[in-house]
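Notes for the structure review
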Amino acid sequence: MKLEQKNVFITGSSRGIGLAIAHKFASLGANVVLNSRGEISEELLDEFKPYGVKVLAISGDVSDFTDAKRMVDQAIEELGSVDVLVNNAGITQDTLMLKMTEDDFEKVLKVNLTGAFNMTQAVLKQMIKAREGAIINMSSVVGLMGNIGQANYAASKAGLIGFTKSVAREVANRNVRVNAIAPGMIESDMTAVLSDKVKDAMLAQIPMKQFGQAEQVAEVTAFLASQDYLTGQVIAIDGGLTMQ
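Cut-offs used in this document
All residue numbers refer to positions counted from 1 along the written sequence of the respective chain. Per-residue local features are limited, in this predicted model, to residues with pLDDT of at least 70; the limit for side-chain atom pairs, both in listing and counting, is 80 or more; totals at the level of whole chains, interfaces and linings are taken over all residues. Hydrogen atoms and water are omitted, and side-chain values are computed over all heavy atoms in the structure. Elements are defined by DSSP. Helices are runs of H or I of four residues or more, strands are runs of E of two residues or more, and each kind is numbered from the N terminus. To estimate the expected span of a helix, subtract one from its residue number and multiply by 1.5 Å. Two residues form a contact once any of their heavy atoms are found within 4.5 Å. Burial status follows relative accessibility: with a 1.4 Å probe on protein chains alone, a residue under 20% of its type maximum counts as buried, one over 50% as exposed, and anything between as partly exposed. Paired strands, as defined in this entry, are two strands with at least two bridges between them according to DSSP. Axis lines are fitted through C-alpha atoms, for helices just across the contact stretch, and the angle between N-to-C directions can take any value from 0 to 180 degrees. Planes of paired rings set the category: under 30 degrees apart is stacked, over 60 is edge-to-face and the rest tilted, where pairs are Phe, Tyr or Trp rings (Trp by its six-membered ring) whose centres lie within 6.5 Å. UniProt positions are given in the numbering used here, feature names are shortened, and annotations may be inferred rather than shown by experiment. By convention a crossover is right-handed if, when the strands point away from the viewer, the path from the first strand over the helix to the second runs clockwise.

What follows concerns helix α9 (residues 214-226). Taking 1.5 Å per residue, 13 residues should reach 18 Å; α9 reaches 19 Å between its end C-alpha atoms and fits that length. Against α1 (16-27), β4 (84-87), β5 (133-138), β6 (176-183) and β7 (234-237) lie the buried residues of α9.

Structure, rendered in structure tokens:
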């Protein structure tokens, strides 16, 4: 798929990895839909003016089935189609299993996994009719290997991998491709506040001895959107953390 003038909806794209993905697609000539639960500022929209592409701000809750459909319908009405969907929205609610509440578990699955289902179902009929489309789900290395204090998050991200492979099989003959990305330790606001001791312990697990960058994840996302013969795959971008 040539990305120029394609329409890309990125959930959870007001900051971090999602925002980096939006910038990457815009730099390649794609129109982008920025999404957040809260209002998206004019300052953020202004960042995209130099690209000369269409940029929409559509706020809403991916974990709500009706709201997800409303957001996709709005994007299609204003842009004509959604050609690429990036299910990036996600939350954490970390605590040890013995202390984890039902609410801690359900909230994370509702956003991270059910949210991807809601958005995917909302775009799929249009993509199948067009016989073209790409869906990229943001999983995590935690979904591949687990992590202490993140049973809920790991379950949601592992679930995304099974979801990705199943939907990819269902729609492959309609030229709709579904893939997943499993980022490892990516530099962010969260890692910036960690102590040197904690950072060193994390880096010791990574063969490349460095954290990744949000822009590197964005590069992989654009690659998956553009490759016409690649579907049902999980790409770990993790400095070798999960290599087999």
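Turning our eyes to something else, we now look at the environment of Lys129. When you line up the elements, Lys129 lands in helix α4 (residues 102-130). Given a relative accessible area of 76%, Lys129 falls into the exposed group. Separated by 45 residues in the primary sequence, Lys129 and Arg174 have C-alpha atoms spaced 8.2 Å apart.

Moving on: the sheet that holds strand β2 (residues 31-36). Strands sit in the order β3-β2-β1-β4-β5-β6-β7 across an open sheet of 7 strands; the sheet is parallel. Every other strand in the sheet has two partners, leaving β3 (55-59) and β7 as the edge strands with one partner each. Ignoring strand direction, the axes of neighbouring strands in this sheet form an average angle of 20°. In the packing of α4 onto the sheet, contacts are made with β1 (7-10), β4, β5 and β6, and the angle to β4 comes to roughly 175°.

What follows is about the packing of aromatic side chains. All told, the structure shown has 2 aromatic pairs when counted by the stated rule. Ring geometry for Phe48 against Tyr51: centres 5.9 Å apart, planes inclined by 55°, an arrangement best described as tilted. Residue Tyr51 is classed as partly exposed on the basis of its relative accessible area of 31%.

A few words on the UniProt feature "active site" (unreviewed entry) in the chain. Those places that UniProt annotates as "active site" (unreviewed entry) correspond, in this numbering, to Tyr153. Taking the relative accessible area as the measure of exposure, Tyr153 reaches 15% and is therefore buried. Those residues in contact with Tyr153, other than ones at most four positions away along the chain, are Ile91, Thr92, Val108, Asn112, Ser140 and Val142.

Turning our eyes to something else, we now look at unusual backbone geometry. A positive phi is found at Gln5, a non-glycine position, where the angle reads about 70°. As for its placement among the helices and strands, Gln5 is situated in the segment before β1.

The subject of this paragraph is the pairing of β5. Counting buried positions over the 6 residues of β5 gives 6, a clear majority of the element. Side chains Gly133, Ile135 and Asn137 project from β5 onto one buried face, and the interleaved Ala134, Ile136 and Met138 project onto a second face that is buried too. Direction of pairing for β4 relative to β5: parallel, over a ladder of 4 bridges. By the bridge assignment for β5, Val86 is matched with Ile136. Note that the unit made of β4, α4 and β5 has a crossover that is right-handed. Of the strand pairs in this sheet, β5 and β6 are connected by 6 bridges, and their pairing is parallel. Residue pairing across strands places Asn137 opposite Ala180, the latter belonging to β6.

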